[in-house]
Amino acid sequence: METDNLAAVRPERVGPGVRPRRPDAPVTGVALTGAGLFTGRDRELKELRADIARTGLDTLSGRKPPRSRVLLVAGRPGSGRTALAEELARRLEGDYPDGVLRARLTDADGTPVPTDRTARALLADLGATATAPAGAEEDELTAALRAALAGRRVLLLLDDASGAASVEPLLPDEPGCLVVAVARGPLTGVTDVRPCTLGGLETPAAVDLLERFAGPTRITCDPMAASAVVEECAGQPAALVLVGGWLAAHPKMSVADAARRLRELPVPEGHDGTTGRPLARALWLAYEALPALNARILRLLALAPAGPADAHTASALAGCSVSAAQAALDDFVARGLLRPVPVDGVPGEPAALPPQYQVPGCLAPLLRALLETQDRPAEVELARARMLERVVRQLHSCRAAAELTDPSVRRRVAELPRPLRFPSARVAEEWLRSRLPALLAAARLAVEDGGLDTLARRLVSALTRALSAHLPPEEAGPEQYGLHRLVLDVADRREMALEKSAALLNLGDLDTGAGRVRMALDRYREALAAARACGDPYATSRSMESVAASYQELEDWARATDWYRRALELRLTRGELADEARLYGRLGAVHALAGEWGEALRTWRAASAACRRLRDLPGHARALIEAAVALEHLGRPQDAVRTGLEAAEGARRAGDGRLEAAVRLRLADTLDRLADQAGAEAQRRTAEGLLREPAGAEGEEAGGTGSGVGGGTGSGVAGPSGGLEPNA
């Protein structure tokens, strides 16, 4: 039996929202249904197990199977297809020592999950995130998945497949693996698939399921009425669960009352067929018995992104208190209308994360239809806006939890309502991981529905920052790449030049981090064109700097110099002194890398002067030591030593011990080349003493103004450190 996601359901894994496992570690997943609700289907299970060992077409022709065996469990939503697949996986997991992988191939709103998202999530479960860099295309990701499964014995359960196109790219080339696919109909195009088509449960198993909700007394007292209920429900497990929940919520009603009420209910519009009608009637039976607030919360749960929701989501949607929303969710679980989603706890902090719940997949379209008929569009939009606003506030709190050592951050967090606070960075990280599919879906919903209005920009920006604060780059990067690409698509369609430029710059930065420098260069050039079109000077300068950094990474010193100069000229016209100092430093680094020491010296001196005007003592010291290096290469060693000593004194006055130590070590190297061994040794002893001192307020190496002057001949600066946020 299966309740088609009417038992404990895990949200689809659409991103690397879990910690990577060791590549050789067995993979385990969260079952989509609970074994305690399974009953019947003995014949189907026997046939499926027999199909695993049955001779295939390749064996008959004398060839080794080129890929894994594929079993198909086919049936309409609510027919028991997912629970049968899960029960099969539970019974077979001992035969597949490398574990069970699970993926849902259709979103809660009925749209197919892109194959690249599914492949990336499976790679994360396998601990192979390194093979799935940000921006990787579908073919690259599916090839990486097949490579990661090679030599393993894994059972892959693909739930709610929309067709062969969503299954075929994910099939392992490893004959030792087994794929169990769940779909509405046949997977035409997948070779040698073994189908098992489901109908209703047999009467004894269906009555047993009804009894688990309604209790044995009423069923035993009126077995004929129980059989009548099974007949009205056409043996569909999902419908039987709802009727059982109705009986459990109405202990004074008999089973005969339930059968009679089912017969009296009108056939819902659009469900005049014999297969969809029982589930629609059973849902209406359960729905009409709900209090008004609970009925509204249930309808609005159809808006929950990616399916799962907690009391905070329900509270925001309905505009009620969190306690009232939690009571409603608990009532829905008792009535079979929702099922809890397993959530990993935080060790040492029990109940730190709120429980999550899932609308059964077979009920989601029915609830959406109820929402359309019962609620005005303006009310639905308001509910969605409240939910997204709540998500933004939670993301801000999540990011702040990573900075609780900062007193000002602690004060801001203390001003938040208690339900929005996270007690520790660890709890915030676990919340972010557990809610990541829903958060990404919320961002897609906000951008696609609202374009790039203020709420959508704030949401994308908050999620991007929270990912950076809590997840390592290899995990955060792919999700951020998807968010920026989403913004780019909408900005392109709506001719929003500034937003387009921001998205392109962010994508270019991620491409650079993944080693795709030439692709990043193309994005930066396109960002520059968009920035010029909207006349934004910051985006224009940022784009020029990024183009220059890409050429620097490609060791095209002439073009890098040209573009840095263009960016510098723009900053000079605007009188932005800190940016001038930083760009002088980058120009000096490029000249040094190109061996143009005269130009390097002039540029570093200009950087030093800009930092002096800014009173940026650390930046001034850095610029001076780089100028000393240039002087040495120009054959002016005495000037180099004098400038180096001036840099050391500047670092000392800045109170930056580590910077002073680095300057003195470089000065010692210069003295060595001048055969001044005593002077070099003295500088090294001073540097060693500075490095042994406890670190004080040395972390602010960028200087009081944040000019960011640095680099040097070996810096290899890849690009501007600052990112243009989507809400720029």
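Conventions used here
- Residues numbered from 1 in each chain as written.
- Predicted model: local features only at pLDDT ≥ 70, side-chain atom pairs only at ≥ 80, totals over all residues.
- Heavy atoms only, no water.
- Helix = DSSP H or I, 4+ residues; strand = E, 2+ residues; numbered from the N terminus.
- Buried < 20%, exposed > 50% of the residue type's maximum accessible area, 1.4 Å probe, protein only.
- Contact = heavy atoms within 4.5 Å.
- Areas by Shrake-Rupley, 256 points an atom, 1.4 Å probe, with all protein chains shown as cover.
- Pairing = 2+ DSSP bridges.
- Axes fitted to C-alpha atoms, helices over the stretch in contact; angles between N-to-C directions.
- Parallel < 35°, antiparallel > 145°, perpendicular 65-115°, else oblique.
- Left-handed = near helix turned anticlockwise from the far one by under 90°.
- Nonpolar A, V, L, I, M, F, W, Y, C, P; charged D, E, K, R; others polar.
- Patch = residues over 30% accessible without salt bridge, like charges linked within 9 Å, V, L, I, M, F, W, Y side chains within 5 Å.
- Salt bridge = Lys/Arg side-chain N within 4 Å of Asp/Glu carboxyl O.
- Lys, Arg positive; Asp, Glu negative; His and termini not counted.
- Charge placed at Lys NZ, Arg CZ, Asp CG, Glu CD.
- pLDDT = per-residue confidence, 0-100.
- Polar contact = N/O pair within 3.5 Å; in protein donor to acceptor, adjacent residues only side chain to side chain.

S.K.: In this structure, what is going on with the overall build of the chain? I would like to understand it.
M.R.: Broken down by element type, the chain carries 31 helices and eight strands. When each of the 728 residues of the chain is scored for burial, the buried share is 55%. Pairs at least 24 residues apart make up 70% of the contacts formed inside the chain by residues separated by at least 6 positions. Accessible surface computed for the chain: about 29800 Å², of which carbon and sulfur atoms make up 51%.

S.K.: Could you clarify how one ought to interpret the sheet that holds strand β6 (residues 308-309) in this entry?
M.R.: Neighbouring strands of a sheet are bound in pairs by backbone hydrogen bonds; such pairs are parallel or else antiparallel. One open sheet accounts for three strands, arranged β6-β8-β7; its pairing is antiparallel. Of all the strands in the sheet, the pair left with one neighbour each is β6 and β7 (339-341).

S.K.: Help me understand the packing of helix α10 (residues 237-249) against helix α12 (residues 277-287) in this model?
M.R.: Angle between the axes and distance between the axes are the two parameters that describe a pair of packed helices. Between α10 and α12, the least distance of the axes is 8 Å, while the angle of their chain directions is 20 degrees. As judged from the angle between their axes, α10 and α12 are roughly parallel. Crossing angle aside, the handedness with which α10 passes α12 is left-handed. Together, Ala 238, Ala 239, Leu 242, Val 243 and Trp 246 of α10 and Pro 278, Leu 279, Ala 282, Leu 283, Leu 285 and Ala 286 of α12 make up the contact between the two elements. Here the contact of α10 with α12 is composed, by residue class, of 11 nonpolar, no polar and no charged.

S.K.: It is not clear to me how the side chain of Arg 335 should be interpreted in this structure. Could you clarify?
M.R.: Tracing the backbone through its elements, the reader meets Arg 335 in the loop between α15 (322-334) and β7. When neighbours within four sequence positions are excluded, Arg 335 is seen to be in contact with Val 241, Leu 242, Gly 245, Ala 249, His 250, Ala 289 and Leu 290.

S.K.: Is there a simple way to think about the side chain of Thr 540 in this case?
M.R.: Structurally, Thr 540 is set in helix α24 (residues 537-553). Its relative accessible area of 9% is what places Thr 540 among the buried residues. Discounting chain neighbours no more than four positions away, the residues touching Thr 540 are Leu 528, Ala 531, Arg 532 and Leu 570.

S.K.: How do you make sense of a negative patch on the surface when you look at a structure like this?
M.R.: Together, Glu 137, Glu 138, Asp 139 and Glu 140 give the surface a local cluster of negative charge. Tracing the sequence through the fold places Glu 140 in helix α5 (residues 138-149). For Glu 140, a relative accessible area of 39% puts it in the partly exposed group.

S.K.: Could you clarify how one ought to interpret the environment of Arg 605 in this entry?
M.R.: Along the chain, the position of Arg 605 falls in helix α27 (residues 597-614). On the basis of relative accessibility, which here comes to 45%, the residue Arg 605 falls in the partly exposed class. Each C-alpha atom, one on Arg 605 and one on Glu 626, is 9.0 Å from the other, the two residues being 21 residues apart in sequence. What Arg 605 contacts, discounting residues up to four positions off in sequence, is Leu 631 and Arg 636.

S.K.: Which parts of the structure should I look at to understand the pairing of strand β5 (residues 193-197)?
M.R.: Side-chain direction in a regular strand flips from residue to residue, so the side chains alternate between the two faces of the sheet. On β5, burial follows the alternation: Arg 194 and Cys 196 on one face are buried, whereas Val 193, Pro 195 and Thr 197 on the facing-out side are not. Pairing geometry for strand β1 (residues 69-74) and β5, over five bridges, is parallel. Across the sheet, residue Leu 71 finds its bridge partner in β5, namely Arg 194.

S.K.: Just to check I follow, could you spell out the pattern of salt bridges for this structure?
M.R.: It is possible for side chains of opposite charge to pair when their charged atoms get near one another. A full pass over the atoms with the stated rule returns 49 salt bridges. Across the pair Glu 168 and Arg 67 runs a salt bridge whose closest N-O atoms are separated by 2.8 Å. Residue Glu 168 is located in the loop between α6 (164-167) and β4 (178-183), and its partner Arg 67 is located in the loop between α2 (57-60) and β1; the two are separated by 101 residues in the primary sequence. You can call Glu 168 partly exposed: its relative accessible area is 29%. Notably, a salt bridge pairs Arg 571 with Glu 576, separated by 2.6 Å at the nearest N-O pair. Side by side, Arg 571 and Glu 576 carry an identical accessibility label, which is buried.

S.K.: I'm lost on the confidence of the model for the chain in this one. Help?
M.R.: Residues shown with low pLDDT carry predicted positions that ought not to be read at fine detail. Mean pLDDT for the chain: 84, with 85% of residues reaching 70 or above. Contacts for the low-pLDDT stretch residues 1-35, under 50 throughout, to residues beyond four places or in other chains number 149 contacts. Across residues 711-728, where pLDDT falls below 50, the model places 54 contacts with residues more than four positions away in sequence or in other chains.

S.K.: For this particular structure, what's the right way to read helix α14 (residues 311-318)?
M.R.: Because the α-helix completes a turn every 3.6 residues, residues three or four places apart line up on one side. Where burial is concerned, most of α14 is hidden: eight out of the eight residues are buried. All buried positions along α14 are accounted for by Ala 311, His 312, Thr 313, Ala 314, Ser 315, Ala 316, Leu 317 and Ala 318. You can read the cap of α14 off the contacts: a side-chain oxygen lies 3.1 Å from the backbone nitrogen of His 312, and it is on Asp 310. One or two residues past the end of α14 sits Gly 319, with phi positive at roughly 70 degrees.

S.K.: Would you mind going over the pairing of strand β2 (residues 100-104) with me for this structure?
M.R.: Burial analysis of β2 places five of its five residues in the buried class, which makes it a mostly covered element. Going residue by residue along β2, you find Val 100, Arg 102 and Arg 104 tucked away on one face and Leu 101 and Ala 103 tucked away on the opposite face as well. Two elements, β2 and strand β3 (residues 155-161), share five bridges in a ladder whose sense is parallel. Bridge pairing in β3 places Arg 102 opposite Leu 157.

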